[in-house]
Amino acid sequence: MTDCIMNHVIVEGTSHQIDHLLAAHFRKLSDAERLRRPFAEYEFLWHEIATLPTSVAEAGDISALQNWQLENWEYAFLPQNETESSFGQNGSYNFRFPTIGSEPRPLFEALVEKFPDLKFNFASISMPNFCVFMGVGNHGQLTCVDDEYN
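Each value, and the rule that gives it
Residues numbered from 1 in each chain as written. Predicted model: local features only at pLDDT ≥ 70, side-chain atom pairs only at ≥ 80, totals over all residues. Heavy atoms only, no water. Core = buried A, V, L, I, M, F, W, Y, C linked by side-chain atoms within 4.5 Å. Buried < 20%, exposed > 50% of the residue type's maximum accessible area, 1.4 Å probe, protein only. Helix = DSSP H or I, 4+ residues; strand = E, 2+ residues; numbered from the N terminus. Contact = heavy atoms within 4.5 Å. Pairing = 2+ DSSP bridges. Arc of directions from axis to C-beta. Phe/Tyr/Trp six-rings, centres within 6.5 Å; stacked < 30°, edge-to-face > 60°. Polar contact = N/O pair within 3.5 Å; in protein donor to acceptor, adjacent residues only side chain to side chain.

Participant: Help me understand the nonpolar core, please; the structure alone is not making it clear to me.
Facilitator: Nonpolar side chains tend to gather and get buried jointly when the protein is soluble and globular. Judged by nonpolar contacts, the single largest core of 27 residues is most densely connected at V11, F44, L107 and F120. Those elements that provide at least two residues to this core are β1 (4-12), α1 (15-25), β3 (42-44), β6 (93-100), α5 (105-114) and β7 (119-127). In terms of residue count, the dominant contributor to this core is α5 (four residues). Not counting the four nearest positions on each side in its chain, F44 is found in contact with H25, F26, I49, N81, T83, F95, F97, L107 and L111.

Here's what the structure looks like:
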């Protein structure tokens, strides 16, 4: 059975820097959507960071899509976007989303490289095997703090 991974990201920076991240890779939910998803104000648009080949993206076969992701990325996103998000009291932005297989380390690396002025704290926890990945992204570099996967 493939593990389900919960990925939690805490982003620290100025409000302007965080707004830039949100504008680039998040979609603000409508009021109606927020009623159905009370723990989310934004939806994470991961596919704008980790792009798929057009033939895979447009095929419409969820199983084939996830198999391609697992084969090529070693992780897969769930078909429904289940982003939960909130702003921290200190101005940080927190979001979490599930993946299948392992943590989306290439996606984390891409975020850190694209937004070097932000500080990212990543934690990925695997269920049911309880493996953990923790990393910090700062100044364009991802540093692994704890990596139980390898």
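Next comes the rest of the account.
Participant: Even after reading the chapter, I still don't get the pairing of strand β5 (residues 84-87), so can you show me in this structure?
Facilitator: Put simply, side chains in a regular strand alternate between the two faces of the sheet. Pairing geometry for β5 and β6, over four bridges, is antiparallel. Within β6, the position partnered with S86 by the bridge is N94. Linking two consecutive strands that pair antiparallel, namely β5 and β6, is a turn of five residues; a positive phi of about 90° is found at G91 within it.

Participant: What exactly am I supposed to notice about α1 here?
Facilitator: Three or more residues of α1 are buried, namely I18, L21, L22 and H25. Viewed end-on, α1 has its buried residues packed into an arc of 95°, placing them on one side of the element. Exposed and facing more than 90 degrees away from the buried side of α1 are H16 and A23.

Participant: What should I look at first to understand the packing of aromatic side chains in this one?
Facilitator: Each aromatic ring pair is described using two quantities: the centre-to-centre distance and the angle formed by the ring planes. Taken as a whole and assessed by the stated rule, the structure comprises 19 aromatic pairs. Between Y42 and F87, the ring centres sit 6.4 Å apart and the planes meet at 80°, which makes this aromatic pair edge-to-face. Within this pair, whereas Y42 is found in strand β3, its partner F87 is found in strand β5, the two being separated by 45 residues in sequence. Judged by centre distance (6.1 Å) and plane angle (90°), the ring pair of Y42 and Y93 falls under edge-to-face. Of this pair, Y42 sits in strand β3 while Y93 is found in strand β6, placing the two residues 51 residues apart along the sequence. Relative accessible area serves as the criterion here: at 13%, Y42 is assigned to the buried category.

Participant: Even after reading the chapter, I still don't get the side chain of S85, so can you show me in this structure?
Facilitator: Along the chain, the position of S85 falls in strand β5. Looking at S85, the relative accessible area reads 10%, which means it is buried. A polar contact is formed between the side chain of S85 and the backbone nitrogen of E41, at a distance of 3.2 Å. Within the structure, S85 has its side chain in polar contact with the side chain of Y93 (distance 3.3 Å). Sequence-distant contacts of S85, defined by excluding residues within four places in its chain, comprise F39, A40, E41, Y42, Y93, N94 and F95.

Participant: Would you explain unusual backbone geometry in this entry?
Facilitator: Excluding glycine, a negative phi dihedral is what most residues carry, and trans is how most peptide bonds are arranged. One non-glycine residue, E74, lies in positive phi territory at about 70°. Positionally, E74 belongs in the loop between α4 (62-73) and β4 (76-77). For E74, a relative accessible area of 59% puts it in the exposed group. Even without being a glycine, H139 presents a positive backbone phi close to 55°. Relative to the elements of secondary structure, H139 occurs in the loop between β8 (132-138) and β9 (141-147).

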